Structure formats: structure tokens, C-alpha cells
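# Analysis of the macromolecular model
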Number of protein chains: 2
Amino acid sequence: MDKACGFNITIVGLGLIGGSMAKAIRENLKVKNIWAVDLDRDALKEAHESGIIDDFFEDEKIPLSNSDMVILCTYPNTALDFMKNNRDNFKHGALITDTSGIKEKIVAEARNVLRSDCEFIGGHPMSGKESMGYKYSDGNIFQGTNYIITPDEKSNKEAVLLLKEILYTIGFKKIIEMSPEEHDRIIAYTSQLPHILACIMMNSKSFQGSRDVRGGSFRDITRVADINCELWSELLHENKQNILEELEAVMKDIKNISSMIDSDDVDSLKTVFKNSSMLRKEMNYERA
Amino acid sequence: MDKACGFNITIVGLGLIGGSMAKAIRENLKVKNIWAVDLDRDALKEAHESGIIDDFFEDEKIPLSNSDMVILCTYPNTALDFMKNNRDNFKHGALITDTSGIKEKIVAEARNVLRSDCEFIGGHPMSGKESMGYKYSDGNIFQGTNYIITPDEKSNKEAVLLLKEILYTIGFKKIIEMSPEEHDRIIAYTSQLPHILACIMMNSKSFQGSRDVRGGSFRDITRVADINCELWSELLHENKQNILEELEAVMKDIKNISSMIDSDDVDSLKTVFKNSSMLRKEMNYERA
């Protein structure tokens, strides 16, 4: 795509996602400049020296006032604060997007915070790694993964189209539009719940002494238990109602299975397993 | 090792584990004959034609009466029935072992069932795959994984040593001795619990419509939800008390985390995540 070839893009937050964004853009998209803002000068320097970004600035006003697109790759509330603090610094007509794991609050507040000539579209890549920080960033982590964007009827259609084109160009498999509310409801189940269960597994008192009796199922279920504490406590806090509902549902399901085991109801157990097997097989076909 | 070079070994149940055992033995161990018993003639024929097994028999008496070692790779209760039904068919002094996921019941009943000149040692490989059947068997799935054996003070020391040597030779990383009770208590946590949680995740009413919002954490936590229904309902049924305790503990932990989220207690959430992160990191070091 050529639409972005005259663009200056500023990435705010050069961690795992921001660094991966910078690398994927450098690799796949013709733009004028990629700039970055971060508190971590080492990451900025490393990205600059290796040619991933073209420059970085002490004063964020300078890149922002010249950026056609700004990608916020910080914690959700940090992204909101950044938009508030830089209300007057964004370029006229700038496209601003974020990558954080909750969307309802961000999208609702971004419009209140930004000037009306700026366009905000919320986004969230279904990509990641169990490590954090620029040093683990990788332009290829987006390959084959989906990207959720949350525009609404007030969103500028051209801006939505442009964002989608850019995201496809840098490697995402599918860009899906949904409402912020739908995103937050589903993400509580598909991502926040597995992270909580992983942490619960690790923190169990049964963990000690179990070392030699761990196989693949234990390794996989606990993979994401090495978690960014600050980020995830914020994500859960900001998606409270949805995650509480999911946790309630899991407790109910565990109680049901406990009753089946307790009452020697092997037939019901088989039905549970048959159903999960069928769905998991279908999920594999879906991916193919 | 040369101790087994005059051995006839019979594998009972040529599925994923039995087939993988046959292949790993063929590849790594010099023995006189590898024989197999199974109801699935197709698997037997395929294994025979490809030279993995030397022969198979309609009448199990023939291989058993000439086998120095018998490896039972069936469901737990099938293994017990097989030992009962073939009490008089085993060779004098035969070493009999199993590979099933519960040990207390098997070990306790095996001694009652077998003749006193036969030696039973329970075993359980910490290896597996999310698929079942001979066609998925693979002699390499044991590489780098642990094997639990559950001998006790009555066990013949030479037989224990021989079994360990064979298991190391066919690729296991570490052979660990523990009591059947300890095995069953730990396996409820490290294996049975992750399998149940995987199935609960898949069977959730939130699953429908979540397709595009699934990333790596969802894929990993649900990997083992495609489960052998018959086997797993038997395993849970036979390890009832241990798995009920683990499920109870998880429900309590979910309740705790729910309360933290509900009461906006972000500090406690951070503590939970810090702890899980630290333990998960240590687990990676352990494996290195």
C-alpha cells in the first residue's frame, strides 16, 4: 500500500508490542518516519541504532505535532493520560489508535479527551508472548494472528479503512470490527480467564514437590503465569464486571464436575469430555 | 544395556503409549522379540508389517507364557482385568509393569491378582499427546520426559533396577520412584486438574462467538480438551478424593481472586501475579 508512504508514525511505549509494531512497520510498510516515545532510553537508543526507528525525542510535542498516525502501546490508563496531556500537541487530523487489552473505557474517554479533529480508533492485537520489554519484541509475532478494532458509527470511514490496510500490510491475518463492549466481554473469557487460571495453578500449595510429575498439560496451562503484574491488575480492574461473570461461571462448572465425580456419575463426565473434545477438534479445523 | 537382549517383551494395548513404547524399544533396545496384544487388528498388522513388532497373537497365552517382561498400556481397570484373566499364563518370574495414570488401586490390586513369582512394578510416563491411537504413536515422545515408578519395600530390587535401565535406554530423562499414594495425589494437580480446566474452558457458553478473539493463552489452556472420554472419566473416578480436593482448592482460589477484583484490591492482585510470575520463571530454570 502506498497511502502511508508520506506518513510520520509515532509509537508511544516501546515495549513488547510497541517494539514489535515498530519492527513490523519498518519491515513491511513504506513510511516517511517512525518515531518513538518512551521512558526507557536504552530501548529507544537500541531501536534507533538498529534502524528500527528514525528518531526519538525528549519532548513529545515535536514528534506528535508532525505525526499523521500515533500508536499508543502503553497500559490503558497511561494511554488515556497521554492523550489528555497532549490534547493540543497532536497534528491536525491525526489518526490515533491504541493496542491495549480493554476497549470500552478507552474508547469512551478518548473522544472526550481528544480534539474533535483527531480520529481515535481502538485496537487490540491477539498476539503476544509470555515475556515483556523491547528486547523480546519481534516484528513476526503478528503473523497469522487477528487484530480487533472497535470503530463505531461516528468513526471516519476512511480512517478505519486506512488502519485496516496498514494492519494487514504489517502481517495480521484478519482484522475484525466489533463494539468495545463486545470486545471486553469476549476478552474476559478468551484471555483474562486463562491468565487467572494459569496464575492460580502456579500459586497452588500443591506446586511444591510436584516438579517431577509435570508433563505437557501443566506446562501449557501455566505458560502465561509469568505475567506483567502492573498491566494485568489494571486490565482486570478495568474489566471488572465481565471477568467477575466469567469467574462465577467457572466456579459453577467446577462445582458441577465435582458433583459428578463425587457421585460416581461417570456417564455425565463422559458427556462433558465428549463435548469438549468435539469443540476442540472443530477449533483446530477453524484454524486450518 | 545388554541385560534385556534375550528378552521377549509383550506390549498389551498398542495405542498411543503402547505403540510409542514398541517403537522406542525397537529403536533403542536390543531384545529377542517384541510382541503385541490388542483388539485392534489393523494397528497390530501395521506395526508388524513395518517391523515395529515381531509378531502378534490371537491367543494371548502364547506370548505371555514366553515373555520376560509385559508392559500393560491399557486403561487402568483393563490392565487389572488382564492380569486377573491371565494369572496362570504369565511366565515364571515375569516382570509386569503398567503405564496408566493412577497407581494406588493398580499397585494394591496387582499383588492380589498376580502369582507370587511374578513381579509387578507400577509406572507412568509423563509424556503424551493430545491425540490417541497407534497411528499417532511416536518413539520420540518419551525423550526429555520423566517416568514415575512406584515400587515399595517388597519389590524385587533387581527388577526395579532392570526396569529403570530399560526406561533410561528408551529415552526417558529421569526415572523417579515414589509411593503410589504420592503419585496419585500429585497427578491430580499436575495433570488431572489442567485437563478438567481445559474442558471447562471449551464447554463454556462464552465459547460461541469468541473465535476471532482467541490468542495463544486460549489455545494453550484448551490444548488437552480434546480428551479420551472413556480413559479420563475412569482416571478421575479412580482418583476421586485427590481430584475433589484439588477442585475444591481451585474454587477457593477463584473466590479469593474474585473478591480482590470485586473490592478493587489491586495491590492483592499484584501480589498474586508477582508470586505466580516468580514461580513460573523458576520452573523454566528447573527445566533448563
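Our subject is the structure listed above.
What comes next concerns the included structure.

Here we come to the relation of the copies chain A and chain B. Note on the copies: chain A fits chain B at an RMSD of 0.0 Å, the axial shift is 0.0 Å, and the rotation between them is 180°. What we have between these two chains is a two-fold relation. Using C-alpha coordinates, one finds that chain A approaches the rotation axis most closely at A:I221, a distance of 2.3 Å.

To continue, consider the nonpolar core. Burial of nonpolar side chains together is a common tendency in soluble globular proteins. Core analysis: the largest hydrophobic core is formed by 70 residues, its most contacted members being A:I254, A:I261, A:F273, B:I254, B:I261 and B:F273. For B:I254, the contacting residues outside a window of four places in its chain are A:L197, A:I200, A:L247, A:V250, A:M251 and A:I254.

It is worth spelling out the interface of chain A and chain B at this point. Contact residues are listed per partner, giving 80 residues for chain A and 80 residues for chain B. Overall, the association of chain A and chain B removes approximately 8000 Å² of surface from exposure, summing both partners, and the carbon and sulfur fraction of that is 66%. Along the contact surface separating chain A from chain B lie 10 salt bridges. Linking B:K270 and A:E230 is a salt bridge whose minimum nitrogen-to-oxygen distance equals 3.1 Å. In this structure, the connection of chain A to chain B is made through 38 residue pairs in polar contact (both at pLDDT 80 or more). Of all the elements in the fold, those that place two or more residues in the side of chain A that touches chain B are strand 8 (146-149), strand 9 (174-177), helix 7 (180-203), helix 8 (216-221), helix 9 (229-238), helix 10 (240-262) and helix 11 (266-287) of chain A. A per-class count over the side of chain A that touches chain B returns 39 nonpolar, 20 polar and 21 charged.

On to the pattern of salt bridges. All names here are of chain A. The final tally for this structure, using the stated rule, is 28 salt bridges over all chains. Its salt-bridge partner being D88, residue R87 comes within 3.9 Å of it at the nearest N-O pair. In this structure R87 comes out as partly exposed when scored by relative accessible area, which is 35%. Residue class for D88 comes out exposed when judged on its relative accessible area of 63%. Residue R111 is joined to D152 by a salt bridge in which the shortest nitrogen-to-oxygen separation is 2.9 Å. With a gap of 41 residues between them, R111 in helix 5 (residues 104-113) and D152 in the loop between strand 8 and helix 6 (157-169) connect regions that are remote in the sequence. For D152, a relative accessible area of 27% corresponds to the partly exposed category.

What counts as what
- Residues numbered from 1 in each chain as written.
- Chains lettered and ligands numbered in written order.
- Predicted model: local features only at pLDDT ≥ 70, side-chain atom pairs only at ≥ 80, totals over all residues.
- Heavy atoms only, no water.
- Least-squares fit on C-alpha atoms with pLDDT ≥ 70 in both.
- Core = buried A, V, L, I, M, F, W, Y, C linked by side-chain atoms within 4.5 Å.
- Buried < 20%, exposed > 50% of the residue type's maximum accessible area, 1.4 Å probe, protein only.
- Contact = heavy atoms within 4.5 Å.
- Buried area = accessible area lost by both parts, 1.4 Å probe.
- Salt bridge = Lys/Arg side-chain N within 4 Å of Asp/Glu carboxyl O.
- Polar contact = N/O pair within 3.5 Å; in protein donor to acceptor, adjacent residues only side chain to side chain.
- Helix = DSSP H or I, 4+ residues; strand = E, 2+ residues; numbered from the N terminus.
- Nonpolar A, V, L, I, M, F, W, Y, C, P; charged D, E, K, R; others polar.

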